[in-house]
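The primary structure of each chain is shown beneath.
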Amino acid sequence: MPTSRSYGDACTIARALDVVGERWALLVVRELLLGPQRFSDVRRALPGASSNLVTDRLRELEGHGVVARRKLPPPAGSTVYELTGWGRELEPVVLALGAWGGGIPRPPDAHLGTTSVLLFLRGAARPRRAACYRVELDARVWTVRTEPGRLTVEPGAPENPDAAIRTDPPTLNALLEKPSGLDAAIADGRVEASGDRKALRRLLRERLA
């Protein structure tokens, strides 16, 4: 059931936590940072949360004006959730939490989702030239574009990408940590790659140390 609990504290920090402090709320926000998502996408990205709990968090965030719901036009016709303008102001807060959390040991066998890996790529990348990539992770397709000093990520497939990669989030994360493993990952079937292999290597290598 949705919660209406409040800290009853006038401090702006407490008031913010009244809105996004419930368990899983900020992770729902994280999943919407890269664009609109269907309920099934959000639910799949949070395997530790039940469907009812995800429903409650989305309903609460929508009620607070952090998230909006809309129906896509035909032929899709599906309902998606997206951050409002006010909700998008949480992005630097969520990313700062992620940077701070980098100092905490990763739990063994912890889930690593698509959004987390793509946010890391977007934040760490320092590309030197323009390119377009088709990135497929866990059966979802993303457009990754680079230009000098900037990388963007959008849901959906690009037209005429320079290179394409199909894998799972843990494998992509491992390749970002050790790009030299690309050939071995292709050879053993963990990665499917096509297009400009040099451009793909740049995508994995051109990031902050």
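Fair warning: this is a prediction, and the values are worked out from it, not measured in the lab.

Procedures and definitions
- Residues numbered from 1 in each chain as written.
- Predicted model: local features only at pLDDT ≥ 70, side-chain atom pairs only at ≥ 80, totals over all residues.
- Heavy atoms only, no water.
- UniProt positions renumbered as here; feature names shortened; annotations may be inferred.
- Helix = DSSP H or I, 4+ residues; strand = E, 2+ residues; numbered from the N terminus.
- Salt bridge = Lys/Arg side-chain N within 4 Å of Asp/Glu carboxyl O.
- Pairing = 2+ DSSP bridges.
- Axes fitted to C-alpha atoms, helices over the stretch in contact; angles between N-to-C directions.
- Contact = heavy atoms within 4.5 Å.
- 1 Å grid on protein atoms, 1.4 Å probe; cavity = no way out; pocket = protein on both sides within 12 Å on 5 of 7 lines; lining within 4 Å.
- Points joined across faces, edges and corners; volume = space filled by probe spheres on them.
- Nonpolar A, V, L, I, M, F, W, Y, C, P; charged D, E, K, R; others polar.
- Polar contact = N/O pair within 3.5 Å; in protein donor to acceptor, adjacent residues only side chain to side chain.
- Buried < 20%, exposed > 50% of the residue type's maximum accessible area, 1.4 Å probe, protein only.
- Domains from an automatic or database assignment.
- Buried area = accessible area lost by both parts, 1.4 Å probe.

Novice: Can you tell me about the UniProt feature "domain: HTH hxlR-type" (unreviewed entry) in the protein chain, naming the residues and giving the values?
Specialist: Following the UniProt record, one finds the feature "domain: HTH hxlR-type" (unreviewed entry) at residues 11–109. Regarding residues 11–109, the helix share stands at 52% and the strand share at 12%, and the terminal C-alpha atoms are separated by 38 Å.

Novice: Got a sec to walk through the pattern of salt bridges? Specific residues and values, please.
Specialist: Under the defined criterion, the tally for this structure stands at 19 salt bridges. Glutamate 136 is paired through a salt bridge with arginine 166; the nearest N and O atoms lie 3.2 Å apart. Placement of the pair is glutamate 136 in strand β4 (residues 131–137) and arginine 166 in strand β7 (residues 163–167), with a sequence separation of 30 residues. The structure contains a network of salt bridges with shared partners spanning Arg38, Asp41, Arg44 and Arg140.

Novice: Describe the sheet that holds β4, with residues and values.
Specialist: Ordered in space as β6-β5-β4-β7-β8, the five strands form an open sheet in which the pairing is mixed. A strand with exactly one partner marks an edge of an open sheet, and here the two such strands are β6 (150–155) and β8 (192–195). The sheet shows a mean angle of 20° between the axes of neighbouring strands, direction not considered. Alignment of β4 against β7, held across five bridges, turns out to be parallel. Across the sheet, the residue bridging to glutamate 136 is arginine 166, located in β7. Packing of helix α7 (residues 114–124) onto the sheet brings it into contact with β4, β5 (140–147) and β6, and relative to β6 it is tilted by some 155°.

Novice: Hey, could you go over empty space enclosed by the protein for me, with residue numbers and the actual values?
Specialist: Applying the stated rule across the entire model yields one cavity of 30 Å³ or more. Volume-wise, the largest cavity comes out at about 60 Å³. Lining the largest cavity are Ala125, Pro127, Arg129, Ala131, Tyr133, Thr146, Leu151, Arg202, Leu203 and Glu206. Of all elements in the fold, only β4 and α10 (197–205) reach the threshold of two or more residues within the lining of the largest cavity. Here the residues of the lining of the largest cavity sort into six nonpolar, one polar and three charged.

Novice: Which residues make up the side chain of arginine 57, and what are the values?
Specialist: In this structure, arginine 57 sits in helix α4 (residues 51–63). A distance of 3.2 Å separates a polar side-chain atom of arginine 57 from the backbone oxygen of arginine 23.

Novice: A description of the pairing of β4 should follow, citing residues and the corresponding values.
Specialist: When you tally the buried positions in β4, you get six out of seven residues, the bulk of the element. Judged from the seven bridges that link them, β4 and β5 form a sheet pairing that is antiparallel. Looking across to β5, one finds that leucine 137 is bridged to arginine 140. Taken together, β4 and the strand that follows it, β5, pair antiparallel across an intervening segment of two residues, in which aspartate 138 is found at a positive phi of about 50°.

Novice: Please provide a residue-by-residue account of the layout of surface pockets, values included.
Specialist: If you add up the space inside the largest pocket, you get close to 1400 Å³. Looking at the largest pocket, it is lined by 34 residues, and the ones nearest its centre are Arg30, Gly98, Gly101, Gly102 and Ser116. For the lining of the largest pocket, the secondary-structure elements that each account for two or more residues are α2 (25–31), α6 (91–101), α7 and α8 (169–177). Counting only domains with at least three residues in the lining of the largest pocket, you end up with domain 1 (12–102) and domain 2 (114–205). Taken as a whole, the second largest pocket spans an internal volume of roughly 250 Å³. Lining the second largest pocket are Ile13, Arg15, Ala16, Leu17, Val19, Val20, Leu26, Val66, Trp86, Glu89, Leu90 and Val93. Class assignment of the residues belonging to the lining of the second largest pocket gives a composition of ten nonpolar, no polar and two charged.

Novice: Pulling in residues and values, what's your account of the environment of glutamate 159?
Specialist: Here glutamate 159 shows up in the loop between β6 and β7. Residue class for glutamate 159 comes out exposed when judged on its relative accessible area of 70%. With 36 residues separating them in the primary sequence, glutamate 159 and glycine 123 have C-alpha atoms 24 Å apart.

Novice: Before we move on, could you go through the domain arrangement of the protein chain and cite the residues and values that matter?
Specialist: Under the domain assignment, the protein chain is made up of domain 1 (12–102) and domain 2 (114–205). Measuring from the centre of the C-alpha atoms in domain 1 to the corresponding centre in domain 2 gives 24 Å. The interface is formed by nine residues belonging to domain 1 together with ten residues belonging to domain 2. Together, the buried faces of domain 1 and domain 2 total about 890 Å²; carbon and sulfur atoms form 52% of this surface. Contact with domain 2 buries area across many residues of domain 1, yet Arg30, Leu34 and Arg44 alone supply 59% of it, more than any other trio.

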